[in-house]
Amino acid sequence: MRSKEMYELVDAIAPFSLSRAYCEAFEAYDNSGLLVDCGRDVKKALFSLDLSAAAVKRAKELGAELIVTHHPAIYAPLKSLTPEGAGANILAAAREGISVLSAHLNLDMAAGGIDESLMHGLGGEQALALYERLEGGAYGRVFEVEKTPLAAYAARVKETFCTERLVAYGDRPVKRVASFCGAGMDEKSVSFALQAGADTFVSSDPKHHLVAMAVENGMNVLLLTHYAAENYGFKRFFERVKEKTDIECAFFEDARLL
């Protein structure tokens, strides 16, 4: 397999056109795609949420020729590549002949992607979406769950997402949940959740005034680590890709960030 063939396989599951459509519609920025192509045949691929030094090291140990990430391995423009600079992990991968493919907003929004997987992990099935009908993708969901005391619901979320790092605000029973993968808490998403009657808001990495806004309006807030919230869906994406290819695929998980 060539790196381009893996790109095509990922594109079939999470079309890169979703990223382009989102960026065009909302004047956003992304950098998904085949970001490093060393031109080698790919016999082994490592899947890692981030292109971390540890992921590159693991890929080298496995003899992998490709790393597939969720977060773009190159996001902000790089003006130089040095072992100590912002592009250190890109340089390390390239030195080993390891190509890098990143699927970001397209995988967030795709059917069965990271945002939908977050909803399923939180106990939801059918949802009202904040952003939808963009090339068939969706992002940000409000859905019903079985009515549960907040403490018990939070404990179940920690178990499902394999994390002890969960911050909870509020005391209402949980029945109608709003979830947004990544750093998805902003004024628009909080307003959407309130208008849709959500009693609980789940996301990561918010600014304080947004938490205060939700709490003052009577919503619980549950904050997962960004890594735990997205690694859950990325692992399911990995399983889907693994089923569709004959090359050896491995998954890397950084427990430090769960």
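Everything below is about the structure shown above.
From a predicted model like this one, the values you see are computed outputs, not experimental measurements. (Residues numbered from 1 in each chain as written. Predicted model: local features only at pLDDT ≥ 70, side-chain atom pairs only at ≥ 80, totals over all residues. Heavy atoms only, no water.)

Undergrad: Summarise the sheet that holds strand 11 (residues 248-252); cite the residues concerned and give the values.
TA: Taken together, the 5 strands give an open sheet; going across it, the order is 1-4-3-2-11, and neighbouring strands pair in mixed fashion. Each edge of the sheet is formed by a strand with only one pairing partner; in this case those strands are strand 1 (33-36) and strand 11. Each neighbouring strand pair of the sheet contributes to a mean axis angle of 25°, computed without reference to strand direction. Where strand 2 (residues 44-48) meets strand 11, 5 bridges bridge the pair, whose relative direction is parallel. Bridge pairing in strand 11 places Leu46 opposite Ala250. Across the sheet, helix 10 (residues 226-243) is in contact with strand 2, strand 3 (66-69) and strand 11; its angle to strand 11 comes to roughly 170°. (Pairing = 2+ DSSP bridges. Helix = DSSP H or I, 4+ residues; strand = E, 2+ residues; numbered from the N terminus. Axes fitted to C-alpha atoms, helices over the stretch in contact; angles between N-to-C directions. Contact = heavy atoms within 4.5 Å.)

Undergrad: Which residues make up helix 2 (residues 16-26), and what are the values?
TA: Each turn of an α-helix holds 3.6 residues, which means side chains three or four residues apart point in the same direction. Every buried residue belonging to helix 2 is among Phe16, Leu18, Ser19, Ala21, Tyr22 and Cys23, and all of these are buried. In this structure, the buried side of helix 2 is in contact with helix 1 (3-13), strand 1, strand 4 (99-102), helix 5 (105-109), strand 5 (128-134) and strand 6 (137-148). One or two residues past the end of helix 2 sits Glu27, with phi positive at roughly 50°. (Buried < 20%, exposed > 50% of the residue type's maximum accessible area, 1.4 Å probe, protein only.)

Undergrad: Would you mind going over the nonpolar core in detail, with residue names and values included?
TA: One finds Met6, Phe47, Leu122 and Phe237 to be the most contacted residues of the largest nonpolar core, which totals 71 residues. Broken down by element, the residue count for this core peaks at 8 residues, all from helix 10. Those residues in contact with Phe47 that lie beyond four places of it in its chain are Met6, Val68, Phe234, Phe237, Phe238, Val241, Cys249, Ala250, Phe251 and Phe252. With 16 residues, the next largest nonpolar core counts Leu46, Val56, Ala73 and Ala250 among its residues. (Core = buried A, V, L, I, M, F, W, Y, C linked by side-chain atoms within 4.5 Å.)

Undergrad: Give me the lowdown on helix 4 (residues 88-95), citing residues and values where you can.
TA: Looking at helix 4, one finds that the buried residues are Ala88, Ile90, Leu91 and Ala93. Contacts from the buried residues of helix 4 go to strand 1, helix 3 (53-62) and strand 4. Looking at the residues trailing helix 4, positive phi occurs at Gly97, about 75°.

Remember, this is a structural readout, not a statement about activity or role.
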